[in-house]
Amino acid sequence: MNTTSARALSLAATVLTGTVALYMALVAFGNITDFGTNQQFVRHVLAMDTTFKDDDLMWRAITTRWIQDAAYVLIIVWETAATLVLVYGTWLWARRDHVRARRFSVYGLLMVMLLFGAGFIGIGGEWFAMWQSGDWNGLDAATRVFLLSGIVLLVDHFAGNEVTSPR
């Protein structure tokens, strides 16, 4: 790959990693400043109160408020940590420190993918049967974020392979 293509790929990695960092920052900020909105979302998903009420599944429900709220706070902490890692990765891409940029971007993107993939799609969607709810179903949004993060992860991987030393 020539230098121009490598720089373009590095720019793409910078912009796309920054885009996910911005998104995560806005999500965390929104959850902190408008705590109650998504708190209700988490409570309803964990309580499984808008699912089909199948006795074979309802034993999974968590209705204890402090546990629901603790889960929500942990989600916000994870979102904030992922944001900080991605911001740092973006800054490293911009500085053309590609080795460290790739490493931190991968860490941050994997944090996002774990939250949205394992957390929201897997645990929320399947374990707590969020897919059954017409009112409290975040699977489409979680899938979009998971896929976006996966695409950015691929771009970062290719950019990290093309330029392996700081400039």
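Residues numbered from 1 in each chain as written. Predicted model: local features only at pLDDT ≥ 70, side-chain atom pairs only at ≥ 80, totals over all residues. Heavy atoms only, no water.

Novice: Quick question: what am I supposed to make of the overall build of the protein chain here?
Specialist: From N to C terminus, the protein chain includes six helices and zero strands. If you list the helices and strands of the protein chain from N to C, you get α-α-α-α-α-α. Summarising its shape, the C-alpha atoms of the protein chain cover approximately 60 × 30 × 20 Å along the three principal directions. Here the protein chain holds 167 residues, and 41% of them are scored as buried. In the protein chain, the share of contacts with a sequence separation of at least 24, taken over all contacts with a separation of at least 6, comes to 75%. Surface exposure of the protein chain reaches about 9,000 Å², of which carbon and sulfur atoms provide 67%. Averaging the positions of the 12 positive and the 13 negative side-chain charges in the protein chain gives two centres separated by 16 Å. (Helix = DSSP H or I, 4+ residues; strand = E, 2+ residues; numbered from the N terminus. Buried < 20%, exposed > 50% of the residue type's maximum accessible area, 1.4 Å probe, protein only. Contact = heavy atoms within 4.5 Å. Areas by Shrake-Rupley, 256 points an atom, 1.4 Å probe, with all protein chains shown as cover. Lys, Arg positive; Asp, Glu negative; His and termini not counted. Charge placed at Lys NZ, Arg CZ, Asp CG, Glu CD.)

Novice: What's the story with the environment of Ala-13 in this structure? I'm lost.
Specialist: Summarising the element assignment, Ala-13 is placed in helix H1 (residues 3–33). Look past the residues within four positions of Ala-13 in its chain and what remains in contact with it is Trp-93, Val-155, Asp-156 and Ala-159.

Novice: Can you help me understand the packing of aromatic side chains in this one?
Specialist: Two descriptors summarise a pair of aromatic rings, namely the distance from one centre to the other and the angle between the planes of the rings. Throughout the structure, instances matching the rule amount to eight aromatic pairs. Arranged with centres 4.8 Å apart and planes meeting at 85 degrees, the rings of Tyr-88 and Phe-104 form a pair that is edge-to-face. Of the two residues, Tyr-88 is situated in helix H4 (residues 65–94) and Phe-104 in helix H5 (residues 98–127); the sequence distance between them amounts to 16 residues. Taking 5.0 Å as the distance between ring centres and 85 degrees as the angle between the ring planes, the aromatic pair formed by Phe-116 and Phe-120 counts as edge-to-face. Note that Phe-116 and Phe-120 are positioned in helix H5 at a spacing of four residues, about one turn of the helix. Three or more aromatic residues joined by ring pairs form one cluster here, namely Tyr-88, Trp-91, Phe-104 and Tyr-107. (Phe/Tyr/Trp six-rings, centres within 6.5 Å; stacked < 30°, edge-to-face > 60°.)

Novice: Honestly, the nonpolar core in this entry has me stumped. Any pointers?
Specialist: Buried together is how nonpolar side chains tend to be arranged in soluble globular proteins. Val-20, Met-24, Leu-86, Leu-109, Val-112 and Phe-116 are the most contacted members of the largest nonpolar core, which has 28 residues in total. Broken down by secondary-structure element, the contributors of at least two residues to this core are H1, helix H2 (35–47), H4, H5 and helix H6 (139–162). Among residues more than four places away in sequence, those in contact with Phe-116 are Tyr-23, Met-24, Ile-121, Ala-142, Val-145 and Phe-146. Of all hydrophobic cores here, the second largest spans six residues; its members include Ala-13, Leu-92, Trp-93 and Ala-159. (Core = buried A, V, L, I, M, F, W, Y, C linked by side-chain atoms within 4.5 Å.)

Novice: Explanation requested: the pattern of salt bridges in the structure shown.
Specialist: In the structure shown here, the tally under the stated rule is two salt bridges. Arg-43 is paired through a salt bridge with Asp-69; the nearest N and O atoms lie 2.8 Å apart. Here Asp-69 lies in helix H4 and Arg-43 lies in helix H2, a separation of 26 residues in the sequence. In terms of burial, Arg-43 and Asp-69 fall into one category: buried. Asp-97 is the salt-bridge partner of Arg-100, the closest N and O atoms lying 2.7 Å from each other. Of the residues examined, Arg-100 reaches a relative accessible area of 29% and is grouped as partly exposed. (Salt bridge = Lys/Arg side-chain N within 4 Å of Asp/Glu carboxyl O.)

Novice: Help me understand H2 in this model?
Specialist: Along an α-helix, residues three or four apart share an orientation, since each turn contains 3.6 residues. Helix length check: H2 (13 residues) gives 18 Å between terminal C-alpha atoms against 18 Å at 1.5 Å per residue, within 8%. Within H2 the residues assigned to the buried category are Gln-39, Val-42, Arg-43, Val-45, Leu-46 and Ala-47. Considering only its buried residues, H2 is in contact with helix H3 (55–58), H4 and H5. Met-48 sits one or two positions beyond H2 and adopts a positive phi of about 55 degrees. (Expected span 1.5 Å × (residues − 1).)

Novice: Explain a nonpolar patch on the surface to me, please; I cannot follow it from the model alone.
Specialist: On the surface, Trp-59, Ile-123 and Trp-127 cluster together to form a nonpolar patch covering roughly 370 Å² of accessible area. Residue placement: Trp-127 occurs in helix H5. For Trp-127, a relative accessible area of 38% puts it in the partly exposed group. (Patch = residues over 30% accessible without salt bridge, like charges linked within 9 Å, V, L, I, M, F, W, Y side chains within 5 Å.)

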